[in-house]
Amino acid sequence: MPSNLPAILMKSTIALLACTVLGMGLGSCSNADKQEAAAPTPGAETETVAPVKSPQNRGYQTPTTRGPAPRNPDMNLSANFSRSSGVTFSRVPISQPYVALTFDDGPHPQNTPRLLDLLRERNVKATFYVIGRNVDLYPAITRRIVAEGHEIGNHTYTHRNMTKLSDDAVREEMTKTRDAIARATGVQPRTMRPPYGALLQRQREWIHSEFGYPTIMWAVDPRDWQRPGPSVVTSRILASTTPGAIILAHDLHAPTVDAMPGTVDGLLRKGYKFVTVSQLLAMKPSESPAQASTSGE
Ligand code: NI
């Protein structure tokens, strides 16, 4: 009916606006709205994002609750983040459904290979904040992490509370781990995570200027180290993950690895795509989008 047309247009505009403004694209909007809300604004994706097949579905896969979970798509994304973009990150302010899954305290001789198997089956790339001492114990597993396309980060050599150490001791923790990773894999870590998340602002700044590492915290913490059981770890992560989030977990603990098939499949079903921490940092929008498009940054 022609007389209804303005009302229909108004309704869908309001719904689209609500989905966009409130970030409700993931499961909160009706199907019809989701398609529209899911389409990112033109130019929002960087040129390095691989084209996704469906033209109306450039940012999101339609969430599915039944059947096998989708595989993480192949993505040819830049990992070159700007050193000036920040010193500390727990998330990146983006609306596209990219997240970074991170695993601390490995490599572990049994749990890490088991985790790598299930990530490979799903084409998921994660970031491993390894302890240098464990890298020296298990160089072949460390090599496998890198060979399978995951990113590796510096989580110190002995996993002590860095706020209680001298600058020289912190420097030694960073250097020994960086060198152990380089010996085992041939690559250098590009970010660091402090044990227990404990690092003074002053330390973050000098580590950033001396090593080039931003300090990587997290936006999602399932407290898996308290061993609440795999299903609790999964439900905590599914409940609190939002676009741009950095997710914390520990491949040190067997129940955490047990939780990962359900967690990863659940996030894939919700339309999330997994990238490494450096790839996520590289997506950080510039301060002013208008300036960014003209400055060629
Ligand atoms: Ni740790």
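Residues numbered from 1 in each chain as written. Predicted model: local features only at pLDDT ≥ 70, side-chain atom pairs only at ≥ 80, totals over all residues. Heavy atoms only, no water.

A. Spatial organisation of the coordination of the nickel ion. The nickel ion binds to the protein through Asp105 (OD), His155 (NE2) and His159 (NE2), with metal-donor distances spanning 2.0 to 2.1 Å. The sequence motif formed by the donor residues of the nickel ion is D-x49-H-x3-H. Here Asp105, found in the loop between strand 2 (98-104) and helix 3 (111-121), pairs with His155, found in the loop between strand 4 (151-154) and helix 6 (167-185); they are 50 residues apart in sequence, far enough to count as distant. The burial state of Asp105 is the same as that of His155; both residues are buried. (Donors = N, O, S within 2.8 Å, 3.2 Å for Na, K, Ca; no water. Helix = DSSP H or I, 4+ residues; strand = E, 2+ residues; numbered from the N terminus. Buried < 20%, exposed > 50% of the residue type's maximum accessible area, 1.4 Å probe, protein only.)

B. Molecular detail of the packing of helix 3 against helix 5 (residues 139-147). Axis separation between helix 3 and helix 5 bottoms out at 11 Å; the angle between their running directions is 15 degrees. Considering the angle they form, helix 3 stands roughly parallel to helix 5. Read as a crossing pair, helix 3 and helix 5 show a hand that is left-handed. Facing helix 3, whose interface residues are Thr112, Pro113, Leu116, Asp117 and Arg120, helix 5 presents Ile141, Arg144 and Ile145. Its residues placed into classes, the contact of helix 3 with helix 5 shows 4 nonpolar, 1 polar and 3 charged. (Axes fitted to C-alpha atoms, helices over the stretch in contact; angles between N-to-C directions. Parallel < 35°, antiparallel > 145°, perpendicular 65-115°, else oblique. Left-handed = near helix turned anticlockwise from the far one by under 90°. Contact = heavy atoms within 4.5 Å. Nonpolar A, V, L, I, M, F, W, Y, C, P; charged D, E, K, R; others polar.)

C. How the structure looks around the environment of Glu172. Mapped onto the elements of the fold, Glu172 is located in helix 6. Measuring from C-alpha to C-alpha, the distance between Glu172 and Thr156 comes to 8.7 Å, with 16 residues separating the pair along the chain.

D. View of the side chain of Arg204. Considering the arrangement of structural elements, one finds Arg204 in helix 7 (residues 201-211). One buried charged side chain, Arg204, makes no salt bridge at all; its nearest oppositely charged neighbour is Glu205, positioned 8.3 Å away. Other than its neighbours up to four places away in sequence, Arg204 contacts Val87, Thr88, Gly197, Leu199, Thr215 and Met217. (Lys, Arg positive; Asp, Glu negative; His and termini not counted. Salt bridge = Lys/Arg side-chain N within 4 Å of Asp/Glu carboxyl O.)

So yeah, pure geometry; function would need other evidence.
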